[in-house]
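# Descriptive structure summary
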Amino acid sequence: MAGIGVFGGSFNPPHLGHVHAVQAARALLDLDEVLVIPAAAPPHKAMPEGSPDPQTRLELTRLAMAELPWVRVLDLELRRTGKSYTSDTLRELSAACPDQTLYLIMGTDMFLSLHTWHEPEVICALAVPVCLHRTLADGSDALLAQAERLAAQYGCAPILLDNPVLELSSTTTRKLLALRGGAACLPPAVWQAVLDRGLYGLCEDLTGLSYPQLEAQALKRYDERRVPHALGVVQAARELAGRWGASPEDAARAAVLHDVTKALRGPEQLQLSQAYGIVNAPFDEAHPSLLHAVTGAEAARTVFGEPEHICQAIRWHTTGKPGMTTLEKIIYLADYIEPNRSFPGLDAVRQAAETDLNLALELAMEGSLRDLARRGIEPSGLTAQALSALRAERNIV
Ligand code: FE
Ligand code: FE
């Protein structure tokens, strides 16, 4: 089955997943060549703030594909004005090579939404839709149903390729780059160019920021829905610091950074800790959801240049540990009692926080342990040790 592969996208930035995708498609479909076509203005989504211009994305894509002689990176969508519609691109390509079969290569998300694109009937008439299974979580039922739907509606014969999985996306890559941890996602030449040109904010000095500047930078790295939580923790931490003799400024800085890496999922957490050179304890490695405390502390240290006592408060906000400093206790507690939270037993912890910091912390840790037990999640041994230490401090055995 010889023919020409067509692979479009915003390539923001081009990453190793793209390289694997064209390699897999070429091998499985026995293609003569693959045309890689960066979009000038992707019709499906607005380009995120701070994205490189189309010409730069084209140049990065050329670097990414430089070692694949059967790939041609084309600028034809950059030469058009307006939205970069795939139907227009396929019209140009099929006019240029009328005797060739075109295979439109795309990932799962794009395949599942193909009927909503601009002129899907033109797309399906001019090219064979090819879906690469991109993630392990791909539901094959949904893919089969979509293939049948496209076949029935547009008379095409979509191909589902079961290619080796490389769990990576441009969104993930950008999130990792924003935390200075994305090198392993990129072909080396792309990484070098991103670094040399300071793309994706890589050369921005984020150390020594004032609190408002730090807050703005930190919140950009949160999932939008977690921003109220971060600000709630800042408010609670400032109040606790005022009451219990810690610096409200330090408390606010630790609080706004405490979940700064939490937008990353498990595998990405592992990737970030690798990029930071962190050797994880086996417990942390097995519980990637807790890793955000470890990677968050390292991000505070290396990206934002925060002093050690602030990084440590972030490090221990999920598990606690014996011998916590006042700031560490405050961040743990603020995370638990911040104003957006509401669950049974919380009022007692909030009341205790006004009269006895250690008692409040004990109640919060007991509550966390109960919650983990209910959800069948193994707790870190550190929380139990922290509780014993606190009880000993209050002379309760
Ligand atoms: Fe957290
Ligand atoms: Fe939190």
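Further up the page is the structure itself.
Residues numbered from 1 in each chain as written. Chains lettered and ligands numbered in written order. Predicted model: local features only at pLDDT ≥ 70, side-chain atom pairs only at ≥ 80, totals over all residues. Heavy atoms only, no water.

## Observations regarding the packing of aromatic side chains
Defined as follows: Paired rings are identified among Phe, Tyr and Trp, the last through its six-membered ring, by centres lying within 6.5 Å, and are further divided according to the angle between planes into stacked (under 30 degrees), edge-to-face (over 60) and tilted (the rest). Using a 1.4 Å probe on the protein chains alone, a residue whose accessible area is under 20% of its type maximum counts as buried, one over 50% counts as exposed, and one in between counts as partly exposed. Ring-over charges, as used throughout, are those where CZ of Arg or NZ of Lys falls within 6 Å of the ring centre and within 35 degrees of the ring normal.
Following the criterion strictly, the structure yields two aromatic pairs and no others. Judged by centre distance (5.7 Å) and plane angle (80 degrees), the ring pair of Phe7 and Phe11 falls under edge-to-face. Classification of Phe7 by relative accessible area gives buried; the value is 7%. Arranged with centres 5.2 Å apart and planes meeting at 80 degrees, the rings of Tyr336 and Phe343 form a pair that is edge-to-face. We classify Tyr336 as buried; its relative accessible area is 14%. Lying over the aromatic face of Tyr211, Arg238 brings its terminal NZ or CZ to 5.0 Å of the ring centre. The ring of Trp316 has Arg315 sitting right over it, with the charged end atom 4.0 Å from the ring centre.

## Observations concerning the pairing of strand β4 (residues 102-107)
Quick reminder of the rule: Secondary structure elements are taken from DSSP: a helix is a run of H or I of four residues or more, a strand is a run of E of two residues or more, and numbering for both begins at the N terminus. Note: two strands are recorded as paired if DSSP finds a minimum of 2 bridges between them.
Taking burial as the measure, the six residues of β4 include six buried ones, the bulk of the element. Across the two faces of β4 the burial is the same, with Leu102, Leu104 and Met106 and Tyr103, Ile105 and Gly107 all buried. Summarising the sheet, strand β1 (residues 4-9) and β4 pair through four bridges and their orientation is parallel. Directly across from Ile4, in β4, lies its bridge partner Leu102.

## Brief notes about the environment of Arg253
As a reminder, the rule being used: Note on definitions: a residue-residue contact is assigned when non-hydrogen atoms from the two residues lie within 4.5 Å.
If you trace the backbone, Arg253 turns up in helix α11 (residues 248-257). For Arg253, a relative accessible area of 9% gives the class buried. Arg253 sits 135 residues away from His118 along the chain, and the two C-alpha atoms are 46 Å apart. For Arg253, the contacting residues outside a window of four places in its chain are Leu209, Ser210, Tyr211, Leu214, Glu306 and Ile310.

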